[in-house]
Amino acid sequence: MHSAAGWPDLTLCRGARLLFLELKTQKGKLSFAQREWLDDLETVAMSNPGVEAHCFRPSDMPTIRELLV
């Protein structure tokens, strides 16, 4: 079974936090479907504390570590 086209690579839940994470190489580009999903999930996140949607690249590792602590 597969997720819908463009669905983020990781969906993580811990306590009251729900994270949707798309992981890209440093120069990787979001597909149209990935951009649509992230836009929709970011809209949901605006009105739901604890819900976050991000696209991360290797250079974002310090931010990723902070986010996952």
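Use the structure listed above.
Let me sum up the structure you'll find in this document.

What counts and what doesn't
- Residue numbering note: each chain is counted from 1, following its sequence as written.
- Given that this is a predicted model, residues contribute local features only at a pLDDT of at least 70 and side-chain atom pairs are listed and counted only at 80 or more, while totals for whole chains, interfaces and linings are drawn from all residues.
- Water and hydrogen atoms were dropped before computing side-chain values, which therefore reflect all heavy atoms in the structure.
- In this text, helices come from DSSP runs of H or I with a minimum length of four residues, and strands from runs of E with a minimum of two, each type numbered from the N-terminal end.
- Summary of the burial criterion: residues with accessible area below 20% of their type's maximum are buried, those above 50% are exposed, and those between are partly exposed, where the area comes from a 1.4 Å probe applied to protein chains only.
- Here a polar contact is taken to be a pair of N or O atoms separated by no more than 3.5 Å, where protein atoms must pair a possible hydrogen donor with a possible acceptor and residues adjacent in sequence count only if both atoms sit in side chains.
- Only residues whose relative accessible area exceeds 30% and that form no salt bridge are eligible for patches; like-charged ones are grouped when within 9 Å, while nonpolar side chains (Val, Leu, Ile, Met, Phe, Trp, Tyr) are grouped when within 5 Å.
- All accessible-area figures derive from a Shrake-Rupley calculation using a 1.4 Å probe, and residue coverage is judged against the displayed protein chains alone.
- Salt bridge criterion: a side-chain nitrogen from Lys or Arg within 4 Å of a carboxyl oxygen from Asp or Glu.
- For two strands to pair, DSSP has to find at least two bridges joining them.
- Axis lines are fitted to C-alpha atoms, over the contacting stretch for helices. Their N-to-C directions set the angle, which ranges from 0 to 180 degrees.
- Any two residues whose heavy atoms approach within 4.5 Å are treated as being in contact.
- Here, expected helix span is obtained from the residue count minus one, scaled by 1.5 Å.
- In this context, the arc is that of the directions from the helix axis out to the C-beta atoms.

Moving on: the side chain of glutamine 34. Position of glutamine 34 among the secondary structure elements: in helix H1 (residues 32-46). Glutamine 34 gets classed as buried once you look at its relative accessible area, which sits at 12%. In terms of polar contacts, glutamine 34 uses its side chain to reach the backbone amide nitrogen of serine 31, at 2.7 Å.

Okay, a nonpolar patch on the surface next. On the surface, Leu10, Leu12, Leu23 and Leu68 cluster together to form a nonpolar patch covering roughly 300 Å² of accessible area. Inspection of the secondary structure puts leucine 12 in strand E1 (residues 10-14).

Read across the sheet, 3 strands follow the order E1-E2-E3 without closing on themselves; strand pairing throughout is mixed. The sheet terminates laterally at E1 and strand E3 (51-56), the two strands that pair on one side only. Direction aside, the axes of adjacent strands within the sheet are offset by 20° on average. Across the sheet, helix H2 (residues 61-68) is in contact with E1, strand E2 (17-23) and E3; its angle to E3 comes to roughly 160°.

Tallied over the entire structure, the rule returns 3 salt bridges. One salt bridge in this structure joins arginine 17 and glutamate 52, with 3.2 Å as the shortest N-O distance. A residue pair is termed long-range when its members are at least 10 positions apart, and arginine 17 in strand E2 and glutamate 52 in strand E3 qualify at 35 residues. We classify arginine 17 as partly exposed; its relative accessible area is 29%. Among the charged side chains, a network of salt bridges with common partners joins Arg35, Asp39 and Glu42.

When the terminal C-alpha atoms of H1 are compared, their 21 Å separation across 15 residues agrees well with the 21 Å that a helix rising 1.5 Å per residue should span. Within the sequence span of H1, burial applies to Gln34, Leu38, Leu41 and Ala45. Down the axis of H1, the sector holding all buried residues measures 70°, keeping them to one side. Relative to its buried face, H1 has exposed residues pointing more than 90 degrees away, namely Phe32 and Met46. Here the buried face of H1 lies against E2 and E3.

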